[in-house]
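Structural characterization, general
Listed below are the residues making up each chain.
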Amino acid sequence: MVTSPSVAEKVEKKNKFEKYKAEKDGLAVKDELEKFAEMGWEAVDKTDLTGRLKWLGVFYREVTPGKFMLRLRMPNGVLSSHKMRVLAEIVQCYGDDGCADITTRQNLQLRGVRLEDMPGIFERFKQAGITSIQSGMDNVRNITGSPVAGIAANELLDTQGLVRKVQDMITNNSEGNYDFTNLPRKFNIAIEGSREDSIHSEINDIAFIPAFKGGDESSQLGFNVLVGGFFSAQRCDAAIPLNAWVPADDTVVEICRAILTVFRDRGARGNRQQTRLMWLIEAMGLEAFREAVEAQMGQSIAPAAPVDAITDETKSDHLGVHPQKQPGLNYVGMHVPVGHFYAEDMFEFARLAEVYGNGEIRLTLEQNVIIPNIPDSRLETFLQEEPVQKFSIDPSPLVRRLVSCTGSRFCNFALVETKQRAQALSEKLDSLLTVDQPVRMHWTGCPNSCGQPQVADIGFLGTKARKMVNLSRQWTSTWAARWANIPNLASA
Ligand code: HEM
Ligand code: SF4
């Protein structure tokens, strides 16, 4: 690993994760995987098992010992039917234990995977162009982009190529890149190409949003850069403008490289709750941070371009049938409840993509699937397909915006079961209520907030409750006193 003097000189008590990373870089387990597979998971060093293997996307799950979670990378949420089929075949091998989840970073996590099979799985990944490298712990997470990049009628820029290039830079074309395997903390990057902000720019450490140079619509199109957005159990902050505009070319890759380098070399590595990029920006001051990024790039960065505010109201959930910018073609968004599905469903999505589209499949940040490139002439037949009835293209308002983290079925941090509960409650509410607009309900199994309850209309967060009876009594008496003063409710 490259360590700059500024990190080495810092007098700070490093957190326990820093200690094990300093002893052996997480990525080093890549060369030990065969050995681990042969010896069996019980014999693997505990830190390698529960920590470093996450650098390969391999997550030991205490809730299901011996059955691992495998987190992939799906740049811009785009995959082919071939990749989907390879993943379905892997999941299928594990019978009842095998399943997969679509995540809120347009990614896939496979369940039930055995460590002894991992070398063979990675070999298949290589052949199919799939990777899971650097997808967990102090690494850059799956890089998101608009799920309808390249096909949306209202798009300004197609971000797919740029997202891929940034991923390739960070991971050294999926081989693993020691330059960026020891960040102070995890890191999120997103690149938006439309006016919709479907990437949720505000919750990313770096977000690119389209902007014309100088704000003039007849001039060059590029991106304004936002930095420092993050959620944590103790603090949530929206990304702030870096006052930087970059053209939609390799400069995007270079500014990511520069920001990551500054973060790696100067970011705090002490209190784990204070190690995300925003803490560094605050410690340095935004202007000094910007100068450090410029110095790292070896070039000056243009000031941000003025843009119209990008508002949440414009966000589409991409469900249903939508004409593409390519005449005669359509994309269809299908709702996968809480993003959970099985091998047979994955095979079906692959089949639909091949039979009706061009073999491409997209994943959305709302944990759903899009089949693009369906010609007008094939649409009617497509809509009659059985999987289209199972994964509705027009779910009810209380179901369509439902998002859930993993919860206690697989995640050892969880304090409650989330996915089944979330689905059951939405369906129940659906049978009781009539609402005329979607309600965004987000469930998260513990205060780590992976399910982003903070951005929901109704957020559910699993937590421990002590003195529940007393609290509820207090609540009841407080409200009873208030209701007493409201004529209509006094008798309720
Ligand atoms: C200390 C804080 C956190 C811890 C320990 C943590 C832990 C985890 C774990 C263990 C998983 C995988 C669970 C499984 O599926 O088996 C996960 C997934 C995920 N978490 Fe967190 N999490 C934290 C904070 C957050 C925050 C603040 C966000 C964003 C709001 C977030 C977003 C996600 C996402 C999107 C996934 C799915 C994987 C992906 O697409 O990259 N997490 N997290
Ligand atoms: S919020 Fe908690 S329970 Fe849910 S996936 Fe994250 S760590 Fe696990």
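Everything numeric in this text was worked out from a predicted model, so none of it was measured.

1. Some words on the packing of helix 9 (residues 277-284) against helix 10 (residues 286-297)
Between helix 9 and helix 10, whose axes approach to 6 Å, the crossing angle comes to 105 degrees. Judged by the inter-axis angle, helix 9 sits roughly perpendicular to helix 10. Along the contact surface, helix 9 presents Leu 280, Ile 281 and Met 284, while helix 10 presents Leu 286, Ala 288, Phe 289 and Ala 292. The residue makeup of the contact of helix 9 with helix 10, split by class, is seven nonpolar, no polar and no charged.

2. Focus: helix 7 (residues 160-171)
Compared with the 16 Å implied by 1.5 Å per residue over twelve residues, the 16 Å span of helix 7 between its first and last C-alpha is a close match. Along helix 7, the residues that are buried comprise Leu 162, Val 163, Val 166, Gln 167, Met 169, Ile 170 and Thr 171. Two residues or fewer after helix 7 comes Asn 172, characterised by a positive phi angle close to 50 degrees.

3. Observations regarding the pairing of strand 17 (residues 369-375)
Across the seven residues of strand 17, five count as buried, placing the element largely inside the fold. Relative to strand 17, strand 14 (residues 329-334) runs antiparallel, the two sharing five bridges. If you follow Asn 330 over to strand 17, its bridge partner there is Ile 374. Sheet analysis places strand 16 (residues 360-363) next to strand 17, joined by two bridges and oriented antiparallel. Its bridge partner being in strand 17, Arg 362 is matched across the sheet by Ile 370.

4. Details of the sheet that holds strand 20 (residues 458-461)
Sheet architecture is open: three strands sit in the order 18-19-20, paired in parallel fashion. The open sheet has two edge strands with one neighbour each: strand 18 (403-404) and strand 20.

5. Details of the site of ligand 1
Around ligand 1 there are 22 residues in total, and Thr 103, Arg 105, Thr 406, Asn 448 and Cys 450 lie nearest to it. Across the shell around ligand 1, the residue classes tally to eight nonpolar, ten polar and four charged.

6. Brief notes about the nonpolar core
Ranked by internal contacts, the top residues of the largest apolar core, which has 64 residues, are Leu 87, Leu 110, Met 346, Val 369 and Ile 371. At seven residues, the largest contribution of residues to this core is made by helix 11 (residues 343-356). Beyond its immediate sequence surroundings of up to four residues, Met 346 is in contact with Met 84, Leu 87, Ala 88, Val 91, Ala 100 and Phe 341. The next biggest cluster of nonpolar side chains, apart from the first, holds 51 residues, and it includes Leu 157, Val 163, Phe 208 and Val 246.

7. Remarks on the domain arrangement of the protein
Along its sequence, the protein is carved into domain 1 (58-132 + 318-395), domain 2 (134-312) and domain 3 (403-461). For domain 1 versus domain 3, the separation of C-alpha centres amounts to 21 Å. The interface of domain 1 with domain 3 comprises 13 residues on the first partner and eleven residues on the second. Taken together, the residues of the side of domain 1 that touches domain 3 break down into four nonpolar, four polar and five charged.

8. A short note on the confidence of the model for the protein
The predicted coordinates ought not to be read in detail in places where the model reports low pLDDT. Across the protein, pLDDT averages 91, with 91% of residues at or above 70. Contacts from residues 469-492, a stretch scored under 50 in pLDDT, to residues over four places away or in other chains number four contacts.

9. Some words on the sheet that holds strand 7 (residues 189-191)
In space, the five strands of this open sheet follow the order 6-7-8-9-12, with mixed pairing throughout. The sheet is open, and its two edges are formed by strand 6 (144-145) and strand 12 (240-247), each paired on a single side. Bridge count between strand 7 and strand 8 (residues 206-212): three bridges; the pairing is parallel. Bridging from a neighbouring strand, Ile 189 pairs with Ile 206 of strand 8.

10. Examining the pairing of strand 2 (residues 68-71)
Because side chains alternate across strand 2, one face comprises the buried residues Phe 68 and Leu 70, and the other comprises Met 69 and Arg 71, equally buried. Of the pairings in the sheet, the one linking strand 1 (residues 58-59) to strand 2 comprises two bridges and is antiparallel in character. Considered in strand 2, the bridge of Phe 59 is made with Met 69. In this sheet, strand 5 (residues 108-113) lies alongside strand 2 in antiparallel orientation, the contact comprising four bridges.

11. Regarding the packing of helix 5 (residues 81-92) against helix 6 (residues 118-128)
Running from N to C, helix 5 and helix 6 cross one another at 170 degrees; their axes reach a closest spacing of 10 Å. One way to sum up the angle between helix 5 and helix 6 is to call them roughly antiparallel. Contacts from His 82, Lys 83, Val 86 and Ile 90 in helix 5 reach Ile 121, Arg 124 and Ala 128 in helix 6. Considered class by class, the residues forming the contact of helix 5 with helix 6 number four nonpolar, one polar and two charged.

12. Regarding the environment of Ile 458
By the secondary structure assignment, Ile 458 is in strand 20. Along the chain, Ile 458 and Leu 319 lie 139 residues apart, while their C-alpha atoms are 21 Å from each other. When sequence neighbours within four positions are dropped, the list of residues in contact with Ile 458 reads Val 439 and Met 441.

13. Some points on helix 6
The complete set of buried residues in helix 6 reads Met 118, Ile 121, Phe 122 and Phe 125. Buried residues along helix 6 cover an arc of 100 degrees about the axis, so they all sit on one side. For helix 6, exposure combined with an orientation more than 90 degrees from the buried face picks out Gly 120, Glu 123, Lys 126 and Gln 127. Immediately downstream of helix 6, the backbone of Gly 129 shows phi near 75 degrees, a positive value.

14. Things to note about unusual backbone geometry
Despite not being glycine, Val 338 shows a phi value in the positive range, around 45 degrees. As for its placement among the helices and strands, Val 338 is situated in the loop between strand 14 and strand 15 (340-341). The phi angle at Ser 449 is positive, at roughly 70 degrees, despite the residue not being glycine. Mapping Ser 449 onto the fold places it in the loop between strand 19 (441-444) and strand 20. Judged by local crowding, Ser 449 falls into the partly exposed class, with 19 C-beta atoms found within 10 Å.

Cut-offs applied
- Residues numbered from 1 in each chain as written.
- Chains lettered and ligands numbered in written order.
- Predicted model: local features only at pLDDT ≥ 70, side-chain atom pairs only at ≥ 80, totals over all residues.
- Axes fitted to C-alpha atoms, helices over the stretch in contact; angles between N-to-C directions.
- Helix = DSSP H or I, 4+ residues; strand = E, 2+ residues; numbered from the N terminus.
- Parallel < 35°, antiparallel > 145°, perpendicular 65-115°, else oblique.
- Contact = placed C-beta atoms within 7 Å.
- Nonpolar A, V, L, I, M, F, W, Y, C, P; charged D, E, K, R; others polar.
- Expected span 1.5 Å × (residues − 1).
- Buried ≥ 20, exposed ≤ 12 C-beta atoms within 10 Å, placed from the backbone.
- Pairing = 2+ DSSP bridges.
- Near = placed C-beta within 6 Å.
- Core = buried A, V, L, I, M, F, W, Y, C linked by C-beta atoms within 7 Å.
- Domains from an automatic or database assignment.
- pLDDT = per-residue confidence, 0-100.
- Arc of directions from axis to C-beta.

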